[in-house]
Structures are given as structure tokens and as C-alpha cells.
Amino acid sequence: MSHPENHHPLSITGIGAVSPAGWGVPALIAAITTSHPIPTTPLARESHGKTITTPIRRVPENPTATPKHPRLRRASPITRFAAAATLEALGPHRLPEIANGTLRLGIIFTLTNGCVSYSNRFFTEVLADPSLASPILFPETVFNAPSSHLSTLLGTTSPNDTLIGDPTGFITGIDLAAEWITRDDVDACIVVASEEADWLSAEGLRLYHQDLVPAEGAAAILLEKAPCHPQILHLPTPISLAHRTRHQAACEIRT
């Protein structure tokens, strides 16, 4: 993994979140500090005449929280979550600088499942009636659709990448962001992870443990060379929770 150089410290200068607790970091912090459990909702599907139900935690509906932009009008929830978290992490004062090119902003999008909600809907319709096939299928079935939407929303032409992997991919995204900034490819880099509810990933998660409840949402951090903010001095090797408890993973990271 990369290690930010001491004379050019990389700092987290902005954070954003969309979670089942609500839209924004304050809602997430409030849920953590109050320790109130967030209710689950059933996600159901039909399979061979049977209804299979999986409990999940959804992001509450809030039409005013989604940024207004033509590219987001028909975008999947994963993109809307990522856009809201990214804008919160950037703050309003950086947007003009990004748009006019004085702040070169890179985008690294990390995900595991990708754009599945609209893809499932469109493919179901097409399989039922092939005459409904449309070019609109394409932009919502490729993994890099959300990151391209973010670049268009922000008006940035700086490097943009999508990393597909397990939940540790966010650490890999930070590592790549550090490389871009250190190499002077960008002035700042937003690293965002986002997922939307889907029966495949929800049921797959419970194969590891029946008590695991999947949740949708997004998280974003902004990285820059700035000495007066929380600094990233070292990146641990990503530790997957697939065959470990959270306590075991935390111990491995510390060592």
C-alpha cells in the first residue's frame, strides 16, 4: 500500500454520507450516538412459486436531498446516494473551482454490486417483451455509470476510475487517491463508495451469517494536501470480514 510522504501530508478535508439513518453525516452521527436501532424493511422476490424475504435497511426517501441535474433524472439510487455524499464532502465553496478548472478533482468510485435496481427492472421488461429493448439499457448496466455521472455533475475532466471488489475496496480507493495526488495528477480526490438494495447481494451476505443485515447508502471522503486536517499517515492492508469477526479484523489491522 502507498504511504503518504510526511512533507506532503494527505488529509481528509471533507466527508459525506447517505445511510438508513438519513441523508447527511449529522443523521449518521446522531444514530450512532443515540444507539437506537434502525428499523428493517422486507425485500421480497418470487422464486419458483415461493416468496423469499430478506430484511434490509433502506435509505429514507427524501426527494429534496438528490441534486438536480439532467444526468440524475433517471439514474439508479446508487448514483443519487453517491452524488449527495460527494457534494456534502466537497462543500459548496469548492464547486465553482472544480467547474472552472482551478481545482483538479479526481474521482474514485468503489463498489461491490453496482447499478442493479434499474438493470433488473429493464431486463425483466425486455425478457417479457423484447420490443421494449432500448439503448437506455446500456448506461445503467455498466459499472462505471455512477462515476461518469459524478464527473458530469461536477464538471470535472480530471482522472476518474471505478474499482470493483469486496467491501475493503474503499481502502484500495484511498490508496489510489494518494498515488494520484502525490504524483500531481490531481489537486484533490474524492473517494466514494455506494450501494443500492438488491436481493442478490442481500441474500448473499446472509450466507456468511444470518444476523447480518445489509444496508444501502454511500460514503465519501475528500483527500487533499493540507496540514491542518486529520491526516492519513498509513494505510493498513485491507482485511475482509468474510471469515473473521469485526474484533478479529480490528486486531489484525492494528498489528
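No experiment lies behind these values; they were computed from the predicted model shown.

A. Representation of the nonpolar core in the model. By size, the foremost hydrophobic cluster in this structure holds 30 residues, and its most contacted members are V18, L90, L105, F109, L150 and I190. No other element matches helix 2 (residues 77-90), which puts eight residues into this core. With residues up to four places along the chain from it excluded, the contact list for F109 reads I78, A82, P146, S147, L150, D161, T162, L163, V192 and S194. Ranked by size, the runner-up nonpolar core spans 14 residues in total, among them A178, W180, I181 and I232.

B. Broad picture of the packing of aromatic side chains. Applying the stated criterion across every chain yields a total of one aromatic pair. Taken together, a centroid distance of 5.7 Å and an interplanar angle of 65° make the contact between W23 and F81 edge-to-face. Here the residue W23 occupies a position in strand 2 (residues 22-23), and F81 occupies one in helix 2, the gap between them amounting to 58 residues.

C. Examining the pattern of salt bridges more closely. For the structure on display, the rule yields six salt bridges. Here R45 and E203 are joined by a salt bridge, their closest N and O atoms 2.7 Å apart. Placement of the pair is R45 in strand 3 (residues 41-47) and E203 in helix 7 (residues 199-205), with a sequence separation of 158 residues. A single burial state applies to R45 and to E203, both of which are buried. For D184, the salt bridge identified is with R104, shortest N-O distance 2.9 Å. Of this pair, D184 sits in the loop between helix 6 (169-182) and strand 7 (188-195) while R104 sits in the loop between helix 3 (95-99) and strand 5 (105-111); the two residues are 80 residues apart in sequence, bridging distant segments of the chain. Taking the relative accessible area as the measure of exposure, D184 reaches 46% and is therefore partly exposed. Judged by relative accessible area, R104 falls into the partly exposed class, the value being 28%. The structure contains a network of salt bridges with shared partners spanning R104, D184 and D187.

D. Fine view of helix 2. Under the 1.5 Å per step criterion, the end-to-end length of helix 2 is 20 Å for 14 residues, consistent within 8% with the ideal 20 Å. Taken across its 14 residues, helix 2 has twelve buried, putting it largely inside the fold. Every buried residue of helix 2 is listed here: P77, I78, T79, R80, F81, A82, A83, A84, A85, T86, A89 and L90.

E. A look at the pairing of strand 4 (residues 50-56). The pairing of strand 3 with strand 4 spans seven bridges and is classified as antiparallel. The residue of strand 4 that forms the bridge with P42 is P55. Hairpin geometry of strand 3 and strand 4 is characterised by an intervening segment of two residues between the two adjacent antiparallel strands and by a positive phi of about 55° at H48.

F. Just the side chain of T79, in detail. By the element assignment, T79 lies in helix 2. On the accessibility criterion, T79 (1% relative accessible area) is buried.

G. Representation of the pairing of strand 1 (residues 10-19) in the model. Counting buried residues in strand 1 gives eight out of ten residues, a clear majority hidden from the surface. In this structure, strand 1 lies alongside strand 8 (residues 217-225), joined through eight bridges in antiparallel fashion. From the neighbouring strand, I15 faces strand 8, where its bridge partner is I221. Where strand 1 and strand 9 (residues 231-232) come together, two bridges link them in antiparallel fashion. When the sheet's bridge partners are listed, S11 is paired in strand 9 with Q231.

Calculation rules
- Note that residues are indexed from 1 along each chain, following the sequence as it is written.
- Local features in a predicted model are, by the rule used here, given only for residues with pLDDT of at least 70; side-chain atom pairs are given and counted only at 80 or more, and totals for whole chains, interfaces and linings are based on all residues.
- Water and hydrogen atoms were dropped before computing side-chain values, which therefore reflect all heavy atoms in the structure.
- Throughout, nonpolar core names a set of buried Ala, Val, Leu, Ile, Met, Phe, Trp, Tyr and Cys residues whose side chains join them through atoms within 4.5 Å.
- Under the scheme applied here, a residue whose accessible area is under 20% of the maximum for its type counts as buried, over 50% as exposed, and between as partly exposed, the area being computed with a 1.4 Å probe on protein chains only.
- Helix and strand assignments come from DSSP, with helices taken as H or I runs of at least 4 residues and strands as E runs of at least 2, each series counted from the N terminus.
- A contact between two residues is defined here by any heavy atoms of the two lying within 4.5 Å.
- Side-chain rings of Phe, Tyr and Trp, where Trp is taken by its six-membered ring, are said to pair if the distance between their centres is within 6.5 Å; with planes under 30 degrees apart they count as stacked, over 60 as edge-to-face, and otherwise as tilted.
- For salt bridges, the criterion is a side-chain nitrogen of Lys or Arg within 4 Å of an Asp or Glu carboxyl oxygen.
- Helix span, as expected, comes to 1.5 Å for every residue beyond the first.
- Two strands qualify as a pair provided that DSSP identifies no fewer than 2 bridges between them.

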